[in-house]
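Here are the chains, one letter per residue:
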Amino acid sequence: MAKVKKSPELIIANKELAFQNEEKEKRAAELIIANKELAFQNEEKEKRAAELMIANKELVFQNEEKEKRAAELMIANKELEQFSYIASHDLQEPLRTVSNYMQVFEEDYLEQLDDNARKYLHSVNNATQRMSVLIKALLDFSRLGRNTRLTKVDIKKLIYDVMADLDTMIKASNAAIEVAEMPQLNVYEIEMRQLFQNLIINAIKFRKKDTQPEIRISSDKINEKWRFSVSDNGIGIAPVHFERVFNIFQRLQTNENYEGNGIGLANCKKIVQLHQGEIWVESNRGQGTSLHFTIPILKI
């Protein structure tokens, strides 16, 4: 039987068809892999979506908790301010009574007292005066941050105004104060004046014996806040006391050479926190002290 010869066209067509079938199989295999990858990606997306949903719920919960704590803290602060204010006023009245009676007693009976009795009387008078100072300091502390309003202030001018107020103290101590360039910032002006006043007074007060106080006040911008520094060449502070110095009524120096009520740096901390900043100390005993604090760029 005679063989049928395939035409060249048919051979070419068969080869082309075989090639196309191979390509289709390749594409089908690639499509299967792509579908598997797509399915895997969809599963991952669903996992991420579930995780994101959980994270969002956690974030909502945390924000609610923060709002609760902020509200509780606001109430607690108001109660503390009210307590401090009432306590200060209520304590002043009996203290005035004691002081007045001691004054009358001293005027009428001083000549009849012996030396020991006079010493006792002197101690009582000193104690009542000290108590009066502490109560006033507590009252001032409780008032910080009340009825405040941000205003744009030239910090350098503010510091020079504070120095003018302290002129007698500065001259008496022969203090040399250097003030570097300062920014203009939105601050609570009265509180900011008190902040620099407390820091300058401390730098002068805690000076070394027979040493001229040298004080440098500087500032530098760090991102969206300004850092201020008040540095001196005074007696310094041991590192172990760095946190304690900012506690109310904490005095590291009980020596009569260093008067004070132990509330100055507590006021400074409260004022800085009122401005949403931070305050810290760098020092070593006998090597001077640098008080640093930050004030963010606040909008009015």
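Looking now at helix α3 (residues 155-165). What sets the pattern is the α-helix's 3.6 residues per turn: residues three or four places apart point alike. Taken as a whole, α3 has its buried residues at I155, K156, L158, I159, V162 and M163. The arc that holds every buried residue of α3, seen down its axis, measures 160°, which confines them to one face. Residues of α3 that are exposed and point over 90 degrees away from its buried face: K157, A164 and D165. Between a side-chain oxygen at the N-terminus of α3 and the backbone nitrogen of K156 the separation is 3.1 Å; the capping residue is D154.

The next thing to look at is the pairing of strand β4 (residues 214-222). The side chains of a regular strand alternate, residue by residue, between the two faces of the sheet. Across 4 bridges, the pairing between strand β2 (residues 176-179) and β4 is parallel. Paired with A176 across the strands is E214, a residue of β4. Pairing of β4 with strand β5 (residues 225-232) involves 8 bridges; the strand directions are antiparallel. Counterpart to S218 in the pairing with β5 is S229. In textbook terms, the turn of a hairpin is the stretch between consecutive antiparallel strands, and for β4 and β5 this stretch comprises 2 residues, one of which, N223, has a positive phi near 55°.

One can describe the packing of helix α5 (residues 189-205) onto helix α6 (residues 264-274) by two numbers: an axis separation of 9 Å at closest approach and a directional angle of 145°. At the point where α5 passes α6, the crossing takes the left-handed sense. Residues E191, M192, Q194, L195, N198, L199 and N202 of α5 lie in contact with α6, whose contacting residues are G264, L265, N267, C268, I271, V272 and L274. Looking at the contact of α5 with α6 residue by residue, the class counts come to 8 nonpolar, 5 polar and 1 charged.

With that out of the way, let us pick up the pairing of strand β1 (residues 151-154). Going residue by residue along β1, you find T151 and V153 tucked away on one face and K152 and D154 left uncovered on the opposite face. Judged from the 4 bridges that link them, β1 and strand β3 (residues 184-187) form a sheet pairing that is antiparallel. Within β3, the residue paired with D154 across the bridge is Q184.

Looking now at the sheet that holds β5. The 5 strands are arranged β2-β4-β5-β7-β6 in an open sheet whose pairing can be described as mixed. The open sheet has two edge strands, β2 and β6 (279-283), and neither has a second partner. Averaged over all neighbouring strand pairs, the angle between strand axes comes to 15°, with direction disregarded. Of the strands in this sheet, β2, β4 and β5 touch α3, which is tilted by about 165° from β2.

All right, on to the nonpolar core then. Membership of the largest hydrophobic core comes to 45 residues, with the highest contact counts inside it found for I155, F196, I217, F228 and F293. Per-element tally for this core: the top contributor is α5, with 8 residues. Beyond its immediate sequence surroundings of up to four residues, I217 is in contact with I159, I177, E178, V179, A180, M182, F196, I200, S229 and V230.

Phi angles above zero are rare outside glycine, and D210 is one such case at about 60°. Assignment of secondary structure puts D210 in the loop between α5 and β4. Assessed through its relative accessible area of 77%, D210 is described here as exposed.

The rules behind the values
- Residues numbered from 1 in each chain as written.
- Predicted model: local features only at pLDDT ≥ 70, side-chain atom pairs only at ≥ 80, totals over all residues.
- Heavy atoms only, no water.
- Buried < 20%, exposed > 50% of the residue type's maximum accessible area, 1.4 Å probe, protein only.
- Helix = DSSP H or I, 4+ residues; strand = E, 2+ residues; numbered from the N terminus.
- Arc of directions from axis to C-beta.
- Polar contact = N/O pair within 3.5 Å; in protein donor to acceptor, adjacent residues only side chain to side chain.
- Pairing = 2+ DSSP bridges.
- Axes fitted to C-alpha atoms, helices over the stretch in contact; angles between N-to-C directions.
- Left-handed = near helix turned anticlockwise from the far one by under 90°.
- Contact = heavy atoms within 4.5 Å.
- Nonpolar A, V, L, I, M, F, W, Y, C, P; charged D, E, K, R; others polar.
- Core = buried A, V, L, I, M, F, W, Y, C linked by side-chain atoms within 4.5 Å.

Read these as spatial facts, not as claims about activity.
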